[in-house]
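# Examining the three-dimensional arrangement
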Amino acid sequence: SGNALGLGSLPDYTVRIAALPPAAAAFLSRHVACVFTGACRLAATVARGVVDAWQRRAPGVEASLRLCAAISREMTDCLDRLGALPPASFTGVGSPAAQAELAAFGAALERHKAIQEQLWPATSSPVVVALYRAVARLSVGSHICGAGNGGHIVVFLKPGWTPAAVAAAVARMWARQRLI
């Protein structure tokens, strides 16, 4: 934890693994897609920017880091509640309770994305924004992995949508990008 290192102004981070029995894990797996942005980059620049902003005590950075830590706990809570549902909750598009937990998880992910983009705009790019738009109607939430701007976007799908639908939406987005 940040406090154990003598950094009392950092949030206290803990590791908690959500309990997802096989039926819940399979349900979640059916609702995840990963999209390559078409660019690779190292996270060093963004990571350095985050640390530099925190070290100079830039306004809002500490509060945002704490909020992101709280959102991560909220997301794990969603997954724990999902995992506590009976196995019958995960057939087809899932029960209303399973769908609600997936939606709550996605909403938390979207809040985290908004905080990250506000504090560190370098996590985004025109291509990343276009990809978010391309998958928005299909997803309960999406987020760039790592420091952003390149790499992969993880997409949590609304019930009834598939990774194939994401692939088609992304292909349409790339086709439009080539026409611009």
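Residues numbered from 1 in each chain as written. Predicted model: local features only at pLDDT ≥ 70, side-chain atom pairs only at ≥ 80, totals over all residues. Heavy atoms only, no water.

### Topic: the nonpolar core
Put simply, the rule reads: Take the buried Ala, Val, Leu, Ile, Met, Phe, Trp, Tyr and Cys residues and link them wherever side-chain atoms come within 4.5 Å; each set so joined is a nonpolar core. Three labels apply to residues, based on accessible area from a 1.4 Å probe with only protein chains included: buried if under 20% of the type maximum, exposed if over 50%, partly exposed otherwise in between.
Leu82, Phe90 and Phe156 are the most contacted members of the largest nonpolar core, which has 21 residues in total. Val128, Leu131, Val135 and Val166 belong to the second largest nonpolar core, which has 18 residues in total.

### Here we look at the environment of Ala25
How we decide: Secondary structure elements follow DSSP: runs of H or I of four or more residues count as helices, runs of E of two or more count as strands, with numbering from the N terminus.
Looking at the element boundaries, Ala25 is found in helix 1 (residues 22-30). Under the relative-accessibility criterion, Ala25 is labelled partly exposed at 31%. With 65 residues separating them in the primary sequence, Ala25 and Phe90 have C-alpha atoms 9.3 Å apart.

### With respect to the pairing of strand 1 (residues 32-36)
For clarity, the threshold we go by: Two strands are said to pair when DSSP picks up at least two bridges between them.
Where burial is concerned, the two faces of strand 1 differ: the one with Ala33 and Val35 is buried and the one with Val32, Cys34 and Phe36 is not. For strand 1 and strand 3 (residues 152-157), the ladder comprises 5 bridges, and the chain directions are antiparallel. Within strand 3, the position partnered with Cys34 by the bridge is Val154.

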